[in-house]
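Next come the chains, spelled out residue by residue.
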Amino acid sequence: MSISSVAEKWVEEAAALTQPSRVVWCDGSKPEYDRLIEDMLRDGTLLPLNPRTYPSCYLHRSHPSDVARTEQLTFICSRDKDDAGPTNNWMAPAEAKARAGAYVKGAMKGKTMYVIPYLMGPVGSDMSRVGIMVTDSQYVVASMHLMTRVGAVAIQAMRRDDDFIAGLHALGDLSPDRRLILHFPEEKLIWSVGSGYGGNALLGKKCHALRLASAQAREEGWLAEHMLILGIEDPEGRITYVAAAMPSASGKTNLAMVISSLPGWRAWTVGDDIAWMHIDATGQLRAINPERGFFGVAPNTSPKTNPNGTAMVRSNTIFTNVAMTPSQEPWWEGLTPEVPAGLTDWQGRPWHPANGPAAHPNSRFTVLASQCPSIAPNWEDPQGVPISALIFGSRRSAVIPLVFEGFDWNHGVFLGSAMSTETTAAITGQVGVVRRDPMAMIPFCGYNMADYFAHWLATGPKLAKPPKIFRVNWFRRDADGKFLWPGYGANMRVLKWMVERVRGTGRAEETPIGYVPAPGALDTDGINVTPTQLREALRCDAGEWLAALDDLGQFFDGFGSRLPAPIAASLAETRRKFGA
Ligand code: OXD
Ligand code: MN
């Protein structure tokens, strides 16, 4: 593997700072993965799972205070505070390096520093990008093997000597008091110290593929989004590709692998979390999945909610913070209707209901995408897949209808910018609190979100046929707190309506917030939804909306004069249509 001098120099600097006793360049090979697993089984970082029922599957238990992304310790370190914007934590680059420098200095003494050259995106794609991260965690190295393409493929994809995102990761003492997740967009640099978990530590994922990539995408004229990518095949075999943004732990992985309850329709998985979208020479938006695997939330993944997801984790999977049965099988809430006897909880204790759930609510599986039964045959096509529709979905018990369509590109961007959601266990903090989450990017936008809206608005006119933009909410409840829509396989009916809208055949009614399915346009044959429930799920209430728009207006005020005029205009126009 021949490596550029810029990369070599950066690795030397990282080693000088962290002072490991050994530096190992990773080649991404199977023997390398096997050696890492053996080492971790020996030192207890991994526990073996049942080799007969879960071959080559392992359980990792993280530090109990290191179980989710920590947004309050995550910073955008642009030179100018305004370039991070009001929705990001900001720290001046020099201060950030001084503070984190104290934690990383000598942090790898007596340890091995692994250098991981990784490729985000399919081999041979112009849309793929390279990262080089160093880490002292074998769990991170093994997970990066599953989540990215490691080794010479990455080095070979560099367009210039300095064409890589540099990532320094050190476990430190895992104390939240000495944890910082720092992004330096102007230097294409990430520093992460004090966490070994998920989005804090697997730097290819949130830090690179979303925070830094969103900034890089703005410079280079593409989009890096928190979106799944799905192919929808109709009974005639025609496939329509869509990308959908949804907040963490809100059913994105389930939707990406959905098994249709509509006869003749099926879904093909291209990606479950991140989409990089470029405009091709004909003006068509095309998407790749930059990742190689899935880092999915385990709880509530079951043969009922996600049969493909359950099948794909039966081998070659690293589980983190799930519970274990007496026969060494992984278990989490929702996997089986009955709780098995004799469980060991995620912290290794005999499970007792008084200690809360047996599996941590943000427990995860890490597995190669190729293991998913619904993986699209073309998921690694270097050209990506053509995107015909974009979906913004969030988790809201009230106000937001099951589905509606924006009037045009700019209005669709407004609908994305207006998104709010109820928080989940994917981040530390309170669960179920409504917060603003434009385009499901609030934790992941690497620059000022107002400029991000402007970048989206500027993308529309460059597209020959802009994708239609839809808003969905599977989570609306009735007055008794019951979900109005069954979700899961039934969501294919909503996707079918979108495909029909793309083709110009789907029937819709105009409302102040966009087009909703006309009566009878949504296919509910064979599912248990009454006409009253459907009407309630699709209802758009002027009073509720005006209150929501007031709240949105206050949020937008935080951007001051940087808020793009078309976004403010869409807000005013919606209020006017509601009679305000
Ligand atoms: C994730 C997240 O892990 O969004 O995908 O938190
Ligand atoms: Mn995510």
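Treat the numbers as computed from the prediction; the structure is a model and nothing was measured. (Residues numbered from 1 in each chain as written. Chains lettered and ligands numbered in written order. Predicted model: local features only at pLDDT ≥ 70, side-chain atom pairs only at ≥ 80, totals over all residues. Heavy atoms only, no water.)

**Overview of the overall build of the protein chain**
Thought 1: The helix and strand inventory of the protein chain stands at 15 helices and 28 strands.
Thought 2: For 580 residues, the compact-globule estimate of 2.2 N^0.38 gives 25 Å, and the C-alpha radius of gyration of the protein chain, at 23 Å, lies within 12% of that figure.
Thought 3: Each of the three principal axes of the protein chain carries a C-alpha extent, and together these read 70 × 55 × 45 Å.
Thought 4: Taking all 580 residues of the protein chain together, 60% fall into the buried category.
Thought 5: Taking the intrachain contacts of the protein chain between residues at least 6 apart in sequence as the baseline, contacts between residues at least 24 apart amount to 74%.
Thought 6: Taking the average location of the 57 positive side-chain charges in the protein chain and that of its 59 negative ones, the two points are 2 Å from each other. (Helix = DSSP H or I, 4+ residues; strand = E, 2+ residues; numbered from the N terminus. Rg over C-alpha atoms; globule rule 2.2 N^0.38 Å. Buried < 20%, exposed > 50% of the residue type's maximum accessible area, 1.4 Å probe, protein only. Contact = heavy atoms within 4.5 Å. Lys, Arg positive; Asp, Glu negative; His and termini not counted. Charge placed at Lys NZ, Arg CZ, Asp CG, Glu CD.)

**Describing the site of ligand 1**
Thought 1: Surrounding ligand 1, one finds Arg-69, Lys-205, Lys-206, His-226, Ser-248, Asp-273, Arg-364, Ala-426 and Phe-444.
Thought 2: Take His-226: an N or O atom from its side chain is 3.3 Å from an oxygen atom of ligand 1.
Thought 3: For ligand 1, an oxygen atom lies 3.2 Å from a polar atom in the side chain of Asp-273.
Thought 4: Starting from 210 Å² of accessible surface for ligand 1 in isolation, the protein chains cover 93%.
Thought 5: Classifying every residue of the shell around ligand 1 gives two nonpolar, two polar and five charged. (Near = heavy atom within 4 Å. Polar contact = N/O pair within 3.5 Å; in protein donor to acceptor, adjacent residues only side chain to side chain. Areas by Shrake-Rupley, 256 points an atom, 1.4 Å probe, with all protein chains shown as cover. Nonpolar A, V, L, I, M, F, W, Y, C, P; charged D, E, K, R; others polar.)

**Comments concerning the environment of Gln-554**
Thought 1: Considering the arrangement of structural elements, one finds Gln-554 in helix H14 (residues 542-557).
Thought 2: Classification of Gln-554 by relative accessible area gives exposed; the value is 59%.
Thought 3: For the pair Gln-554 and Ser-260, spaced 294 residues apart in the sequence, the C-alpha separation amounts to 40 Å.

**Section: the nonpolar core**
Thought 1: Met-277, Phe-319, Ile-387, Leu-390, Trp-456 and Phe-556 are the most contacted members of the largest nonpolar core, which totals 121 residues.
Thought 2: Each residue touching Ile-387, except ones within four places of it in the same chain, is listed here: Ile-229, Tyr-241, Val-242, Ala-243, Met-277, Gln-284, Leu-285, Ala-287 and Pro-467.
Thought 3: If you look at the next biggest cluster of nonpolar residues, it comprises 38 residues, including Ala-244, Trp-265, Val-403 and Leu-534. (Core = buried A, V, L, I, M, F, W, Y, C linked by side-chain atoms within 4.5 Å.)

**Some words on the pattern of salt bridges**
Thought 1: Under the criterion given, the structure shown has 41 salt bridges.
Thought 2: When the shortest N-O distance is used, the salt bridge between Asp-345 and Arg-349 registers 2.9 Å.
Thought 3: For Asp-345, a relative accessible area of 0% puts it in the buried group.
Thought 4: With a shortest N-O distance of 3.8 Å, Glu-500 and Lys-496 are connected by a salt bridge. In this pair, Glu-500 and Lys-496 both sit in helix H12 (residues 491-503), four residues apart, roughly one turn of the helix.
Thought 5: A single salt-bridge network, built from bridges that share partners, covers Arg-129, Arg-159, Arg-160, Asp-162, Asp-163 and Glu-220. (Salt bridge = Lys/Arg side-chain N within 4 Å of Asp/Glu carboxyl O.)

**Some thoughts on the sheet that holds strand E18 (residues 318-320)**
The strands that make up a sheet are held in pairs by hydrogen bonds between backbone atoms, and each pair lies either parallel or antiparallel.
Thought 1: Spatial ordering of the open sheet is given by E2-E3-E18-E21-E17, a layout of five strands whose pairing is mixed. In the strand order of this sheet, the two ends are held by strand E2 (47-48) and strand E17 (293-297), each with one partner.
Thought 2: Note: E18 against strand E21 (residues 364-368), three bridges, orientation antiparallel. Within E21, the position partnered with Ile-318 by the bridge is Thr-366.
Thought 3: Contacts from helix H4 (residues 138-147) reach strand E3 (58-60), E17, E18 and E21 within the one sheet, and its direction differs from that of E21 by about 55 degrees. (Pairing = 2+ DSSP bridges. Axes fitted to C-alpha atoms, helices over the stretch in contact; angles between N-to-C directions.)

**With respect to the packing of aromatic side chains**
Thought 1: Within this structure, the stated rule accounts for 18 aromatic pairs.
Thought 2: Their ring planes at 85 degrees and their centres at 6.2 Å tell us that Phe-404 and Trp-545 sit as a pair that is edge-to-face. Taken as a pair, Phe-404 in strand E23 (residues 403-405) and Trp-545 in helix H14 lie far apart in primary sequence, 141 residues in all. For the pair shown, Phe-404 and Trp-545 are each scored as buried.
Thought 3: Through a chain of ring-to-ring contacts, the aromatic side chains of Tyr-447, Tyr-452, Phe-453, Phe-555, Phe-556 and Phe-559 assemble into a single cluster.
Thought 4: Sitting over the face of the ring of Trp-268, Arg-266 holds its NZ or CZ atom 3.6 Å from the ring centroid.
Thought 5: The ring of Phe-475 carries Arg-395 above its face, with NZ or CZ at 4.3 Å from the centroid. (Phe/Tyr/Trp six-rings, centres within 6.5 Å; stacked < 30°, edge-to-face > 60°. Lys NZ or Arg CZ within 6 Å of the ring centre and 35° of its normal.)

**Brief notes about the pairing of strand E12 (residues 227-233)**
Thought 1: Within E12, seven of the seven residues are buried, leaving the element largely enclosed by the surrounding structure.
Thought 2: Here E12 shows no split at all, with Met-227, Ile-229, Gly-231 and Glu-233 on one side and Leu-228, Leu-230 and Ile-232 on the other all buried.
Thought 3: Where E12 folds back onto strand E13 (residues 239-245) in an antiparallel hairpin, the turn is made up of five residues, including Gly-237, whose phi is positive at roughly 90 degrees.
Thought 4: Pairing geometry for E12 and strand E14 (residues 266-271), over five bridges, is antiparallel. When the bridges of E14 are listed, Ile-232 appears paired with Ala-267.

**Observations regarding the environment of Ser-195**
Thought 1: Positionally, Ser-195 belongs in the loop between strand E10 (189-193) and helix H6 (198-201).
Thought 2: Using a relative accessible area of 0% as the deciding quantity, one classes Ser-195 as buried.
Thought 3: The sequence separation of Ser-195 and Gly-106 amounts to 89 residues, and the corresponding C-alpha distance is 16 Å.
Thought 4: Residues within four places of Ser-195 in sequence aside, it is in contact with Asp-66, His-169, Leu-171, Leu-174, Arg-179, Asn-200 and Ala-201.
Thought 5: Polar side-chain contacts of Ser-195 include one of 3.1 Å to the side chain of Asn-200.

Functional significance is not addressed by these values, which are geometric in nature.
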